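Structural overview
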Amino acid sequence: MVLLTMMAAVVVGIVRLRNLFAVVILSSIYSFLMASVLIVLDAVDVAMTEAAVGAGVSTVLMLAALYLTKTEEAAPRHSPILPMFVAVVIGAALVYGSMDMPPFGAADSPLNTNEGIGYLERSIPETGVPNVVSAVLASYRGYDTLGETVVVFTAGIGVLLLLRRNRRGKAKE
Amino acid sequence: MRLDVVLRVVTKLLLPFIIVFGFYVQFHGELGPGGGFQAGVIIGACVILYAIMFGLENAMRVLSVTAVEKMISLGVLLYLGTGFAGMVMGGEFLNYSVLEHDPVHGQHLGITLIELGVLITVAGTMIAIFYAFAGRGR
Amino acid sequence: MSDYFTSVIDHYTQWVTIFLMVAGLYVVVARGNMIKKLVGLSVFQTSVYLLYISPGKILGATPPILSEDFTVYSNPLPHVLILTAIVVGVATLALGLGLVVRINEAFGTVEEEEIFEKGDRG
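Reading the values: the criteria
- Residues numbered from 1 in each chain as written.
- Chains lettered and ligands numbered in written order.
- Predicted model: local features only at pLDDT ≥ 70, side-chain atom pairs only at ≥ 80, totals over all residues.
- Helix = DSSP H or I, 4+ residues; strand = E, 2+ residues; numbered from the N terminus.
- Buried ≥ 20, exposed ≤ 12 C-beta atoms within 10 Å, placed from the backbone.
- Expected span 1.5 Å × (residues − 1).
- UniProt positions renumbered as here; feature names shortened; annotations may be inferred.
- Contact = placed C-beta atoms within 7 Å.
- Core = buried A, V, L, I, M, F, W, Y, C linked by C-beta atoms within 7 Å.

Digging into the overall build of chain A
Scanning chain A from N- to C-terminus turns up 8 helices and 0 strands. For chain A, the N- to C-terminal ordering of α and β elements is α-α-α-α-α-α-α-α. Evaluated residue by residue, chain A yields a buried proportion of 38% over its 173 residues.

Concerning helix α3 (residues 77–107) of chain C
An ideal rise of 1.5 Å per residue puts 45 Å on 31 residues; α3 of chain C measures up with 45 Å between its terminal C-alpha atoms. At the exit of α3 of chain C stands Gly 108 of chain C, carrying a positive phi of roughly 85°.

Regarding the UniProt feature "transmembrane region" (unreviewed entry) in chain B
All names here are of chain B. Taking the numbering used here, the UniProt-annotated feature "transmembrane region" (unreviewed entry) corresponds to residues 5–25, 37–59, 71–89 and 109–134. Across residues 5–25 one finds 100% helix and 0% strand; the C-alpha atoms that close the span lie 30 Å apart. Spanning residues 71–89, this segment combines 95% helix with 0% strand, and its end C-alpha atoms are found 27 Å apart.

As for the interface of chain C and chain A
Each partner contributes residues to the interface: chain C has 68 residues there, and chain A has 76 residues. When contributions to the side of chain C that touches chain A are tallied by element, the ones reaching two or more residues are α1 (2–30), α2 (34–53) and α3 of chain C. Examining the composition of the side of chain C that touches chain A, we find that 21 residues originate from one element, α3 of chain C, more than from any other.

A few points about the nonpolar core
Within the largest apolar cluster, 115 residues are counted, with the highest numbers of intra-cluster contacts made by Met 7 and Leu 61 of chain A together with Phe 130 of chain B. Apart from residues no more than four positions distant in its own chain, Phe 130 of chain B is found in contact with Val 60 of chain A together with Ile 48 and Ala 51 of chain B.

A few points about the UniProt feature "transmembrane region" (unreviewed entry) in chain A
Feature annotation in UniProt places "transmembrane region" (unreviewed entry) on residues 20–41, 47–69, 81–99 and 145–163 of chain A, given in this structure's numbering. Between the first and last C-alpha atoms of residues 145–163 of chain A the distance is 27 Å; the span itself is 100% helix and 0% strand.

Thoughts on helix α8 (residues 142–163) of chain A
For α8 of chain A, with 22 residues, the first-to-last C-alpha span of 32 Å sits near the 32 Å given by 1.5 Å per residue. By the burial criterion, the buried members of α8 of chain A are Gly 142, Thr 145, Leu 146, Glu 148, Thr 149, Val 152, Phe 153, Ala 155, Gly 156, Val 159 and Leu 163 of chain A. Contacts made by the buried residues of α8 of chain A are with α7 (132–140) of chain A, α4 (65–88) and α5 (103–136) of chain B together with α3 of chain C.

What follows is the structure in structure tokens.
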């Protein structure tokens, strides 16, 4: 719970600061705190991925983009009252909706009694893999993982198309 | 005495351990936390660290741009190949149980192959994106 | 009064998730600098990961890696979905940053209002 409050404080900093370099470093701290919260919530695979991706690669890419553009944000020209009002209204509506959700850590909510728990019993007899998350990713939902790999492939091709510069004199192929 | 001596020495000491840890996470993904994506990002971050500390030209000499581009496609091909191998052996697409004499071994083989494919694609994409961003500013 | 207090404890995770989501949305809508919008978008995506994983935790359970010593495990299904979501999020961020760099080279700035002015003039 302390971690969650720290995360909220970091996000307030991200919103208010105008020096973009500080914003990028704060977002890296935010990813690291999110990874810690995920470990407390028993999601170890997700925490490892979030730490590696959020606090690692994502920060490097944002710093590289900052190096190629400028690092200070201009002062806002329109008054922020309307977006702030919309944001507060949406937040209040969501809080009202969240009062009906099951309390933290319940074992009998609909999420925890249907299919997900079934994977825990089926994993070792059918695949022989103790890490249930890997078994579900690679075998029970392998088609989704294929889609995800293709998305990563597409992003790589897209960035190469946008940002590669052929300055070589001789012909490439 | 350059200002980054400490960083260079520590990087030189740490890089082999980071690579070994990345492969450990990959191959132990079945027994503990880990798997293809985490290992791919760790190995990609290792090469990016080398490029940051020792210069982009040195990193491109170790792992050239064409090699990285081929890595991206090779991973997806490996994944699809495992899926089609399941079809060739008699089951549906991406059915690993028919790849070996016994379903549990088939699942092991299938899962290992696709995690390897995911590792190659994710590492290649991270390195290629970094090369593209860093090469633009020169 | 203690009734109110238990409901705060039960729903605290969800309230922080809503705050993060709304803050990310505010940054995307209200700030003009494109890189800051992308940071806000990634904050928004991260709050959605919290939204999915926190109901999956069962009090007194362990991470979903089967072993002989434990009997109660947390639900593994949200973990799988969020793993995919994280990787897709970083792919989107990389593409967005590539676009921002090209916009900067074409227009000379990454502020939204200056780009609109240049578009009106040109």
